[in-house]
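Structural overview
The primary structure of each chain is shown beneath.
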Amino acid sequence: MIKKIVAVCMLSVLVFSCKKEVQKVAETKTVNDSITQTEIKEDLFKPIDTACSTANKTEDYIAALQWYKAKTDKEIAVNSPEQNDRLYEDYVKIRTKYTDCLNGLHQDILDQYTDYHTNEPDTYRLPDNVKKIAAELNKAGLEFRVMGEGLTEIHSVYGYDYAVFKNKVTPDYESYILQLANDSKENYAINGGLMITWEELGDRLIAWENFMNKFPKSPLIKKAKREYDDYLLDYILGMDSSPTYDRTEGRLMDDTKEEYSRIIKKYPNSRTAKKAKELIAAFDAHTPVDQIEGRINLRR
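Residues numbered from 1 in each chain as written. Predicted model: local features only at pLDDT ≥ 70, side-chain atom pairs only at ≥ 80, totals over all residues. Heavy atoms only, no water.

**Quick notes on the overall build of the chain**
Using the following cut-off: Strands here mean DSSP runs of E at least two residues long; helices mean DSSP runs of H or I at least four residues long; both are numbered from the N terminus. The cut-offs for exposure are 20% and 50% of the maximum accessible area for each residue type, with area from a 1.4 Å probe on protein chains only; residues under the lower value are buried, those over the upper are exposed, and the others partly exposed. Contacts between residues were defined by any pair of non-hydrogen atoms, one from each residue, lying within 4.5 Å. In this description, accessible areas are obtained by the Shrake-Rupley approach with a 1.4 Å probe, and a residue is regarded as covered only by the protein chains that are shown.
Scanning the chain from terminus to terminus reveals twelve helices and six strands. A buried classification covers 37% of the 300 residues belonging to the chain. Considering only contacts in the chain between residues 6 or more positions apart, those separated by 24 or more positions represent 59%. Summed over its atoms, the accessible surface of the chain is roughly 18700 Å², and 54% of this surface lies on carbon and sulfur atoms.

Quick look at the structure:
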């Protein structure tokens with residue numbers, strides 16, 4: 001009798017254990033199925049083409065930007081710094097194309113954006129539809145930026161790209177991305193006129209010059225030199241609405257002459273200072289204004 005009772009108890013324990021195992025396996029299968037379904041759902045999403053189309057909506061471009069951002073974050077986490085350098089190049093191309101498409105899509109809003117300005121500095125009373133679009137743009141690190149002279153564009157918010165790749169790329173790329181971010185913090189120029197001071201422009205030149213001196217073999221050296229050369233052209237020869245010299249009187253403008261003195265004193269061995277000295281010498285020698293550009297030869 002005792003043996004029968006023991007046998008029944010052992011059988012009950014085995015049955016109960018089996019039920020628990022079956023239940024555990026079923027629960028695990030449900031969880032795994034749920035994860036698999038989520039992964040499949042994510043894999044099924046295909047971002048729209050980077051070629052602009054009137055059939056695409058704001059939400060389509062934002063969803064694509066978010067998808068590429070998530071994809072980039074995953075790859076960054078497992079890549080080497082050198083691989084992330086190449087990833088950055090692809091990332092910027094794609095992001096630039098989508099941003100261009102959004103600028104085209106919302107040209108009507110951009111054309112009248114400054115009309116929403118109130119009497120308060122940097123304050124705008126936006127219609128609900130524009131607020132909704134601004135909120136969508138913000139999801140992908142984009143914003144409406146007033147450039148000046150009635151011009152508005154859609155741009156990345158300050159430091160967005162740098163935050164994505166910070167401490168994940170090689171030192172030259174890190175420095176390059178950071179400098180681009182610093183340069184884009186403020187509007188540079190509009191309609192042939194500087195939006196920053198001559199001193200700020202001089203400091204940008206020194207920053208790019210330092211980059212080229214520090215990373216002479218970087219694959220970014222050509223891009224950095226292009227940035228430097230473009231800034232130097234404006235710094236020495238001026239812009240239509242921000243001249244460095246008076247063409248009629250044949251003399252340097254007081255504010256630029258003051259800036260050149262600063263840059264020469266602070267960075268005497270820089271190429272920027274050398275070109276500033278050449279311009280000053282040209283005017284001291286009473287060089288005809290129409291010969292100034294040839295005398296300086298900024299591309300040399």
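**Section: the environment of His-155**
Tracing the backbone through its elements, the reader meets His-155 in strand β2 (residues 151-156). As a C-alpha pair, His-155 and Gly-141 span 14 residues in sequence and 8.5 Å in three-dimensional space. Setting aside anything within four residues of it in sequence, one finds His-155 in contact with Gly-141, Leu-142, Glu-143, Arg-145 and Met-147.

**Structural notes on the packing of aromatic side chains**
To keep it simple, the criterion reads: By convention, a stacked pair of Phe, Tyr or Trp rings (six-membered ring in the case of Trp) has centres within 6.5 Å and planes under 30 degrees apart, an edge-to-face pair has planes over 60 apart, and any other such pair is tilted.
Tallied over the entire structure, the rule returns 17 aromatic pairs. Summarising the aromatic geometry, the rings of Trp-67 and Tyr-68 are spaced 4.9 Å apart at their centres and angled 85 degrees between planes, so their arrangement reads as edge-to-face. A residue is classified by how much of its surface remains accessible, and Tyr-68, at 22% relative accessible area, is partly exposed. Relative to Tyr-116, the ring of Tyr-113 lies with its centre 6.0 Å away and its plane at 80 degrees, an arrangement referred to as edge-to-face. Comparing Tyr-113 with Tyr-116 shows no difference in burial state: the two are buried. Taken together, the ring pairs in this structure connect Phe-45, Tyr-61, Trp-67, Tyr-68 and Tyr-98 into an aromatic cluster.

**Remarks on the side chain of Asn-84**
Residue placement: Asn-84 occurs in helix α3 (residues 81-105). Residues contacting Asn-84, with those up to four places away along its chain left out, are Glu-75, Ile-76, Asn-79, Phe-165, Lys-168 and Val-169.

**Concerning the state of the cysteines**
Stated precisely, the cut-off is as follows: Criterion for a disulfide: a pair of cysteine sulfur atoms at a distance within 2.5 Å.
Taken as a whole and assessed by the stated rule, the structure comprises one disulfide. Covalently, Cys-52 is tied to Cys-101 through a disulfide, its sulfur atoms 2.0 Å apart. With the S-S bond torsion at -90 degrees, the cross-link from Cys-52 to Cys-101 turns out left-handed. Note that Cys-52 is positioned in the loop between α1 (2-44) and α2 (58-78) and Cys-101 in helix α3, a separation of 49 residues in sequence. For Cys-101, a relative accessible area of 4% corresponds to the buried category.

**Examining the pattern of salt bridges**
The line we're drawing: By salt bridge we mean one thing: a side-chain nitrogen of Lys or Arg within 4 Å of a carboxyl oxygen of Asp or Glu.
All told, the structure shown has 13 salt bridges when counted by the stated rule. Between Arg-204 and Asp-183 there is a salt bridge; the shortest N-O distance is 3.8 Å. Within this pair, whereas Arg-204 is found in helix α8 (residues 198-214), its partner Asp-183 is found in helix α7 (residues 171-184), the two being separated by 21 residues in sequence. Given the relative accessible area of 8%, Arg-204 is considered buried. Owing to a relative accessible area of 6%, Asp-183 belongs among the buried residues under this scheme. The closest approach of N and O atoms between Arg-251 and Glu-249, which form a salt bridge, is 2.7 Å. Given the relative accessible area of 53%, Glu-249 is considered exposed. Through salt bridges that share partners, Glu-199, Asp-203, Glu-259 and Arg-262 make up one connected network.

**Let's talk about the packing of α2 against α3**
This is how it is decided: In this analysis an axis means a line fitted to C-alpha atoms, helices contributing only their contacting stretch, and an angle means the value between N-to-C directions, from 0 to 180 degrees. For this classification, under 35 degrees means roughly parallel, over 145 means roughly antiparallel, 65 to 115 means roughly perpendicular, and everything else is oblique. For this classification, Asp, Glu, Lys and Arg are treated as charged, while Ala, Val, Leu, Ile, Met, Phe, Trp, Tyr, Cys and Pro are nonpolar and the rest, including Gly, are polar.
Two elements in contact, α2 and α3, have axes whose closest approach is 10 Å; the angle formed by their N-to-C orientations is 170 degrees. The orientation of α2 relative to α3 falls into the category roughly antiparallel. Between α2 and α3, the contacting residues are Thr-58, Tyr-61, Ile-62, Ala-64, Leu-65, Tyr-68, Thr-72, Glu-75 and Ile-76 on the first element and Asn-84, Leu-87, Tyr-91, Ile-94, Arg-95, Tyr-98, Cys-101, Leu-102 and Leu-105 on the second. Partitioning the contact of α2 with α3 into residue classes produces 13 nonpolar, three polar and two charged.

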